[in-house]
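# Chains, contacts and geometry: an overview
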Amino acid sequence: MSTQTTATTGTTTTTVGGRTYRQPKPPRRGVFLTVLAWVVGLLFFFPVLWMVLVSFRAETDAASNPPELFAPISLEGYRTFFEAGPWPPLLNSMTASLVSTALVILLAFPAAYALSIRPVKKWTDVLFFFLSTKMLPIVAGILPIYLFAQATNLLDNIWLLIILYTSMNMPIAVWMLQSFLAEVPVEMLEAAQVDGASLLTTLRQVVAPVVMPGIASAALICFIFSWNELLLARVLTSTVASTAPVFLTSFVTSQGLFLAKVCAASFVVSLPVLAAGFAAQDKLVQGLSMGAVK
Amino acid sequence: MSSSTDTTSVGTNPEEGRSGVTPPARRVRTRSDSWQRRIPLLPALIFVIVMTQLPFLGTIIISFMNWNAYYPDERGFAGFSNFARVFTDVNARSAVLVTILITVATVLISLVLGLAIALLLDRKFRGQGIVRTMMIAPFLVVPVAAALLWKHALYNPEYGLFNGLLTLVLGENAPQPDWVGSMPLPALVAALVWQWTPFMMLILLAGLQSRPLDVVEAARIDGASEFRIFTSMTLPHLRQYIELSTLLGTIYVVQNFDHVFTITAGATGTANLPYFIYQTFYTAQDYGRASAAGVVTVLGTLIVAMFALRTAFAIFKEEGR
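Residues numbered from 1 in each chain as written. Chains lettered and ligands numbered in written order. Predicted model: local features only at pLDDT ≥ 70, side-chain atom pairs only at ≥ 80, totals over all residues. Heavy atoms only, no water.

This part covers the overall build of chain B. Regarding its fold elements, chain B presents 15 helices and 2 strands. Counting across all 321 residues of chain B, residues that qualify as buried make up 53%. (Helix = DSSP H or I, 4+ residues; strand = E, 2+ residues; numbered from the N terminus. Buried < 20%, exposed > 50% of the residue type's maximum accessible area, 1.4 Å probe, protein only.)

Given below as structure tokens:
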């Protein structure tokens, strides 16, 4: 009977096989763990919720001490943010993230094929090399890039960022796609070869459909990292090509410390990543564990 | 000419000979075959080599130069003097220490928290999906935005949430600490831990969910305690996932710029190496010294990476086909 209640609150697979007497976790413990999980989840979520709550307040209500949970709604923060001209940087961020992500997938997918399905010699070394470039801190190469861009008039040009973001995310994408491609059954490819399919056809029509979830999760992660990037964008852009994170930092310093505005701006800039991440949670999990460990 | 030796070595490689062809024909075939194998790889490989190795080569060259943009006439060869300055500079040495401190503290704390929370979420309970979604949120906030949120909405001594809560609980005379001012490093680490714990949790949760449950069930029926199951079944199974999340976490936290730049702006001994280099190059315009610091950063990172990559390498070996 007590196991019945446990099952509804959802303790492990206790009742399976009629072994209920064997390991009856007291239901209280299950309830406790559930409550604990909720508390921890709420704790981690609260700063985000607070950001949203404060963003919808008048400045005078936002800076209240002690805090008020329910204050009248005001769009003041958002109005200030959108009056400050955030559209060009938001659009720049969108362009840089989407185009670089597309480029990464376009280049990383064939490379992953060469590293997993019909592996080149020493494919682990190559993969090792790709990953090792991630160990080069971006900051260690930024000065020559800056000087080069200055000499070739590429400073403040969104294409420079696109190219850099592409190289920044390539290793991770190759790594992820390699592990996803390793799951494609060899027989499928042999069949395609017997039929005389070219490499491009094989990739497009045989491999890609099978690993679509892998491609999607790699793309999602590349998008997030590009959208979030600050250092390169800050050093290499100024007015025309500046991205949303750069705009965010400048917005705060030039507007003074006004809480509702800061929260509204932070929320709007985070929104694309939050939306994409929430929508594709499973892909995110799959991608982050990279199928690397099976 | 090296191609002929190359061909034979390719031909003798057992891995290559998937199709059973007779030796004479095979030599020709494997050669074109090995190129066919390489071609899809080359665009990505060449692109990455050009985009990562060339700039670093540039950094190495500049690190041996006397080059300050404010004194363009004094540009020239400097030998090791930039490196000497980096190693004797108090700020540079502090940056190294701060980088290590921030990285180790952030990765360790997020890892332990992430593991605990992953275990908590790996059970079926009401609202499991909602709790997971809430947990993921910090990872999905743009880092600069997260840093701004912590600095202004949470840490601010006058109207931040933390001191507001203190007032709410303890009344008018509650202490109102200046969080960032009085403990800049812990303040930075706390904000970073908040952002990175969900990342660790996600990877570890994926690991937990790939655990073969029937074996655990069998152990449980045999009367193994939960603690025993955790230490001798769950943890060994999670090892690779723990290593993977540590590796990835380290790569990203070592490079952290956004939080240091936003929350403390490197003040009161919180400048890490990326911020120190940014300042030396961007504000002080001392290209030579910034590059030397960059080279030192890479060497330091590579030493750590050697250990970390060996771990990652073990993962590939085990799943390699």
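So, on to the UniProt feature "transmembrane region" (unreviewed entry) in chain B. All names here are of chain B. The positions that UniProt labels "transmembrane region" (unreviewed entry) are, in the present scheme, residues 41–65, 95–121, 133–150, 185–208 and 292–316. Between the C-alpha atoms that bound residues 41–65 there is a distance of 36 Å. The span itself is 88% helix and 4% strand. Split by type, residues 95–121 is 100% helix and 0% strand. Its first and last C-alpha atoms lie 37 Å apart. (UniProt positions renumbered as here; feature names shortened; annotations may be inferred.)

Residue and element names in this part refer to chain A. Taken residue by residue, chain A gives an average pLDDT of 84. The fraction at 70 or more is 88%. When pLDDT is averaged over each helix and strand of chain A, the minimum, 40, is found for helix α1 (residues 2–9) and the maximum, 94, for helix α5 (residues 87–116). Overall, residues 1–23 carries pLDDT values under 50, and its contacts beyond four positions in sequence, including any with other chains, amount to 26 contacts. (pLDDT = per-residue confidence, 0-100. Contact = heavy atoms within 4.5 Å.)

Bringing the UniProt feature "transmembrane region" (unreviewed entry) in chain A into the picture now. Residues and elements named next belong to chain A. UniProt records the feature "transmembrane region" (unreviewed entry) for residues 31–53, 96–115, 127–146, 158–177, 206–227 and 258–280 in the present numbering. Here residues 31–53 is 100% helix and 0% strand, with 30 Å between the C-alpha atoms at its ends. The span residues 158–177 is 100% helical and 0% strand by assignment, and the distance between its end C-alpha atoms comes to 27 Å.

Take the interface of chain B and chain A next. Taken together, the contacts link 111 residues of chain B with 117 residues of chain A. Taking both sides of the interface into account, the surface hidden between chain B and chain A amounts to around 10,400 Å²; carbon and sulfur atoms contribute 74%. For the pair chain B and chain A, the interface holds 1 salt bridge. Here D282 of chain A and R132 of chain B are joined by a salt bridge, their closest N and O atoms 2.9 Å apart. If you look at where chain B meets chain A, you find 14 residue pairs in polar contact (both at pLDDT 80 or more). It is helix α3 (residues 42–63) of chain B that provides the largest number of residues to the side of chain B that touches chain A, a total of 14 residues. Here the side of chain B that touches chain A is composed, by residue class, of 69 nonpolar, 23 polar and 19 charged. (Buried area = accessible area lost by both parts, 1.4 Å probe. Salt bridge = Lys/Arg side-chain N within 4 Å of Asp/Glu carboxyl O. Polar contact = N/O pair within 3.5 Å; in protein donor to acceptor, adjacent residues only side chain to side chain. Nonpolar A, V, L, I, M, F, W, Y, C, P; charged D, E, K, R; others polar.)

At N153 of chain A, a position not held by glycine, the phi torsion is positive, near 60 degrees. On the secondary structure map, N153 of chain A appears in the loop between α7 (142–151) and α8 (158–181). In this structure N153 of chain A comes out as exposed when scored by relative accessible area, which is 70%. Phi angles above zero are rare outside glycine, and Q285 of chain B is one such case at about 55 degrees. The buried category is assigned to Q285 of chain B, whose relative accessible area is 15%.

Counting 184 residues, the largest nonpolar core has F130 and V207 of chain A as its most contacted members. The element contributing the most residues to this core is α8 of chain A, with 16 residues. Apart from residues no more than four positions distant in its own chain, F130 of chain A is found in contact with L115, M170, P171 and V174 of chain A together with L41, A44, L45 and V48 of chain B. (Core = buried A, V, L, I, M, F, W, Y, C linked by side-chain atoms within 4.5 Å.)

Glancing now at the domain arrangement of chain A. A common way to report how large an interface is uses the accessible area buried once the components associate. Residues and elements named next belong to chain A. What the domain assignment reports for chain A is domain 1 (12–78) and domain 2 (80–289). Once you take the C-alpha centre of each, domain 1 and domain 2 turn out to be 32 Å apart. Ranking the residues of domain 1 by area buried against domain 2 places M51, E59 and Y78 at the top, with a combined share of 53%. Applying the counting criterion to the domain 1 and domain 2 interface returns 0 salt bridges. The interface formed by domain 1 and domain 2 holds 6 residue pairs in polar contact (both at pLDDT 80 or more) in total. (Domains from an automatic or database assignment.)

This paragraph deals with a nonpolar patch on the surface. Residues and elements named next belong to chain B. A surface patch of nonpolar side chains, about 480 Å² in accessible area, is lined by V96, I100, V104, L108, I109 and L113. Looking at the secondary structure, you find V104 in helix α5 (residues 90–121). For V104, a relative accessible area of 45% corresponds to the partly exposed category. (Patch = residues over 30% accessible without salt bridge, like charges linked within 9 Å, V, L, I, M, F, W, Y side chains within 5 Å. Areas by Shrake-Rupley, 256 points an atom, 1.4 Å probe, with all protein chains shown as cover.)

Our next topic: helix α15 (residues 281–289) of chain A. Two residues of an α-helix separated by three or four positions point the same way, owing to the 3.6 residues in each turn. Within the sequence span of α15 of chain A, burial applies to Q281, L284, V285, G287, L288 and S289 of chain A. Lining the buried residues of α15 of chain A we find α8, α11 (212–228) and α14 (259–279) of chain A together with α6 (128–140), α10 (184–209) and α12 (226–254) of chain B.

Now for the environment of V139 of chain A. With respect to the helices and strands, the residue V139 of chain A is situated in the loop between α6 (123–133) and α7. Sequence separation of V139 of chain A and L232 of chain A is 93 residues, and the distance between their C-alpha atoms is 8.4 Å. Aside from chain neighbours lying at most four places away, what touches V139 of chain A is L231 of chain A together with P274, I277 and Y278 of chain B.

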